[in-house]
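Single-letter residue listing:
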Amino acid sequence: MTKQSWKAGTLLNPEPPVLVSCGTMAAPNLLTIGWTGTICTQPCMVSISVRPERFSHHLIEESGCFVINLPTENLVRAVDWCGVRSGREHDKFAEMGLHAEASTVLEGCPVLAESPLNLECRVTQKIPLGTHDLFLAEVVGVDVDESLIDEAGKLCLSRAHLIVYSHGDYLALGRKLGSFGYSVRKKPHKR
């Protein structure tokens, strides 16, 4: 394998594009975020990177909360549209035919009703990094559509038809290649 050496770049791909809801129930807003991630399990914490000039930046700063809404294949157009339009000029919920519901834990913070999984987040820290500010947040509540839960009570995210973003393209998730720990599991004895 022959490789070329390129200048530094943010080519960690694919990424989970998410729709972040923020603001108030009276004036809800959506923002598409490509740079998000899990950062800790105890306490449950996530991060999102937001440009300070974005309309949603000050909404998140003022309220101290936001909701990460996982988008499905049915929401891919909204993911793209909400990423290229500003909440300063557009009511993104109304223009995309989406619905804001009150979060179950965060007072007054909107949740995207059409998303099957919502992570309600309370900001713990903002770190200015250059072009983006990194918001660290504790996940204080999770709302899960019951259709994603099997008979044994297990979460089946494959039923959600989630999407990824890779180098300019939105993609559907494909076939299963293995499960956590499969490479080291003992094989059952044949009799």
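Placed above this text is the structure.
Residues numbered from 1 in each chain as written. Predicted model: local features only at pLDDT ≥ 70, side-chain atom pairs only at ≥ 80, totals over all residues. Heavy atoms only, no water.

## Some words on the overall build of the protein
What counts is decided by this rule: Helix and strand assignments follow DSSP, with helices taken as H or I runs no shorter than four residues and strands as E runs no shorter than two, numbered in order from the N terminus. Three exposure classes are used, based on accessible area relative to the maximum for each residue type with a 1.4 Å probe and protein chains only: buried under 20%, partly exposed in between, and exposed over 50%. Only heavy atoms matter for contacts: two residues are in contact if any of them lie within 4.5 Å across the pair. Accessible surface is estimated by sampling points in the Shrake-Rupley manner with a 1.4 Å probe; for residues, cover comes only from the protein chains shown. When charges are counted, Lys and Arg contribute as positive and Asp and Glu as negative, whereas His and the chain ends are disregarded. All charge positions are set by atom: Lys at NZ, Arg at CZ, Asp at CG, Glu at CD.
In terms of helices and strands, the protein carries three helices and 11 strands. Tracing the protein from N to C terminus, the helices and strands come up as β-β-β-β-α-β-α-α-β-β-β-β-β-β. Reported as C-alpha extents along the three principal axes, the dimensions of the protein are approximately 65 × 50 × 30 Å. Per-residue burial over the protein gives 38% buried out of 191 residues. Here the analysis covers contacts within the protein between residues at least 6 apart in sequence; of these, 59% occur between residues at least 24 apart. Carbon and sulfur atoms make up 54% of the accessible area of the protein, which totals about 12400 Å². Separation between the mean location of the 19 positive side-chain charges and that of the 21 negative ones in the protein comes to 16 Å.

## Observations concerning the pattern of salt bridges
Put simply, the rule reads: Every case where a carboxyl oxygen of Asp or Glu lies within 4 Å of a side-chain nitrogen of Lys or Arg is listed as a salt bridge.
Using the criterion set out here, one finds three salt bridges in the structure. In this structure, the salt-bridge partner of Glu 53 is Arg 51, at a minimum N-O distance of 3.7 Å. Using a relative accessible area of 45% as the deciding quantity, one classes Glu 53 as partly exposed. Through salt bridges with shared partners, one network takes in Glu 61, Lys 126 and Asp 133.

## Describing the nonpolar core
Across soluble globular proteins, nonpolar side chains show a tendency to be buried alongside one another. Just so we agree on the cut-off: Here, nonpolar core means buried Ala, Val, Leu, Ile, Met, Phe, Trp, Tyr and Cys residues that are tied together by side-chain atoms lying within 4.5 Å of each other.
Val 20, Ile 33, Ile 48, Ile 60, Phe 66, Ile 68 and Cys 121 are the most contacted members of the largest nonpolar core, which totals 22 residues. Broken down by secondary-structure element, the contributors of at least two residues to this core are strand 1 (18-23), strand 2 (28-33), strand 4 (45-50), helix 1 (55-63), strand 5 (65-69), strand 8 (117-128) and strand 9 (133-144).

## Thoughts on unusual backbone geometry
With an omega dihedral of -5°, the bond running from Asn 13 to Pro 14 counts as a cis peptide bond. Mapped onto the elements, Pro 14 comes out in the segment before strand 1. Following Gln 42, the chain continues to Pro 43 via a peptide bond in cis, the omega torsion being 0°. Secondary-structure assignment places Pro 43 in the loop between strand 3 (36-40) and strand 4.

## Description of the sheet that holds strand 9
By definition, the strands of a sheet pair up through backbone hydrogen bonds, in either a parallel or an antiparallel sense. Here is the rule: A strand pair is defined by DSSP finding two or more bridges across the two strands. Axis lines are fitted to C-alpha atoms, over the contacting stretch for helices. Their N-to-C directions set the angle, which ranges from 0 to 180 degrees.
Taken together, the seven strands give an open sheet; going across it, the order is 2-1-5-8-9-4-3, and neighbouring strands pair in antiparallel fashion. Each edge of the sheet is formed by a strand with only one pairing partner; in this case those strands are strand 2 and strand 3. Averaged over all adjacent pairs, the angle separating strand axes in this sheet is 35°, with direction ignored. Relative to strand 9, strand 8 runs antiparallel, the two sharing 11 bridges. The partner of Leu 119 across the bridge, within strand 9, is Val 142. Contacting strand 1 and strand 2, helix 2 (residues 76-84) runs over the sheet at an angle of about 100° to strand 2.

## Some remarks on the side chain of Lys 92
Operational definition: In protein, a polar contact means a hydrogen-donor-capable atom and an acceptor-capable atom, both N or O and within 3.5 Å, with residues adjacent in sequence counting only if both atoms are side-chain atoms; elsewhere, any N or O pair within 3.5 Å suffices.
Assignment of secondary structure puts Lys 92 in helix 3 (residues 92-95). Here Lys 92 occupies a buried position and makes no salt bridge, while the nearest side chain of opposite charge, Glu 89, is found at 8.5 Å. Among the polar contacts made by the side chain of Lys 92, one reaches the main-chain carbonyl oxygen of Leu 30 at a distance of 2.8 Å. Filtering out sequence-adjacent residues up to four positions away, Lys 92 remains in contact with Asn 29, Leu 30, Leu 31, Trp 81, Cys 82, Arg 85, Ser 86 and Gly 87.

## Quick notes on a nonpolar patch on the surface
Put simply, the rule is: In this analysis, a patch consists of residues with relative accessible area above 30% that form no salt bridge, clustered at 9 Å for like charges and at 5 Å for the nonpolar side chains Val, Leu, Ile, Met, Phe, Trp and Tyr.
A cluster of nonpolar side chains, Val 142, Val 144, Ile 149, Leu 155 and Leu 157, forms an exposed patch at the surface whose accessible area comes to about 350 Å². Among the structural elements, Val 144 can be located in strand 9. On the basis of relative accessible area, Val 144 is assigned to the partly exposed category, the value being 32%.

## Here's the deal with the environment of Glu 89
Mapped onto the fold, Glu 89 is located in the loop between helix 2 and helix 3. Owing to a relative accessible area of 58%, Glu 89 belongs among the exposed residues under this scheme.

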